[in-house]
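Here is how the chains run, residue by residue.
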Amino acid sequence: MVKFVGSDSVELTMEKKDIIILAGMLALVGLNLYLRHAKKKGASGGFAAKKTGNKSSLSGQPDDYEPYSGKKQGI
């Protein structure tokens, strides 16, 4: 068994500034997670939601590609 010198008198205390920094970081992480969740759900979280009507995106086009049909897809 390895015993470190002075390991019996280890005292873990947090000063006031450490607690404030920790609370601020936790608040920022919580806000970041909330904004990601709101963005994923489509809610704006108080901000004006942008709705793009981009007609050239691939998500708006029908998917009629059939890989095993024998037909070549023309572009």
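For the structure itself, look to the data block above.
Cut-offs used in this document
- All chains use their own residue numbering, which begins from 1 and follows the written sequence.
- With pLDDT at 70 or above as the cut-off, local features in this predicted model cover only qualifying residues; side-chain atom pairs require 80 or more to be listed or tallied, and sums for whole chains, interfaces and linings still use all residues.
- With hydrogens and water excluded, all non-hydrogen atoms of the structure serve as input to the side-chain values.
- In DSSP terms, a helix is any run of H or I states spanning at least four residues, a strand is any run of E spanning at least two, and both are numbered starting from the N terminus.
- Partly exposed describes any residue whose relative accessible area lies between the buried limit of under 20% and the exposed limit of over 50%, with all areas from a 1.4 Å probe on protein chains only and scaled to the type maximum.
- Nonpolar side chains (Val, Leu, Ile, Met, Phe, Trp, Tyr) are joined into patches within 5 Å and like charges within 9 Å, using only residues with over 30% relative accessible area and no salt bridge.
- Methods summary: accessible areas were calculated by the Shrake-Rupley approach with a probe of 1.4 Å, and residue burial reflects only the protein chains presented.
- The salt bridge criterion pairs a side-chain nitrogen of Lys or Arg with a carboxyl oxygen of Asp or Glu, the two atoms within 4 Å.

Chemist: Before we go on, may I ask you to explain the overall build of the protein in this structure?
Modeler: Across its full length, the protein holds one helix and zero strands. A total of 75 residues make up the protein; the buried ones form 1% of that total.

Chemist: Honestly, a nonpolar patch on the surface in this entry has me stumped. Any pointers?
Modeler: A cluster of nonpolar residues, M14, I19, L22 and L26, forms a patch on the protein surface that exposes about 400 Å² of accessible area. By the element assignment, I19 lies in helix α1 (residues 16-41). Residue class for I19 comes out partly exposed when judged on its relative accessible area of 47%.

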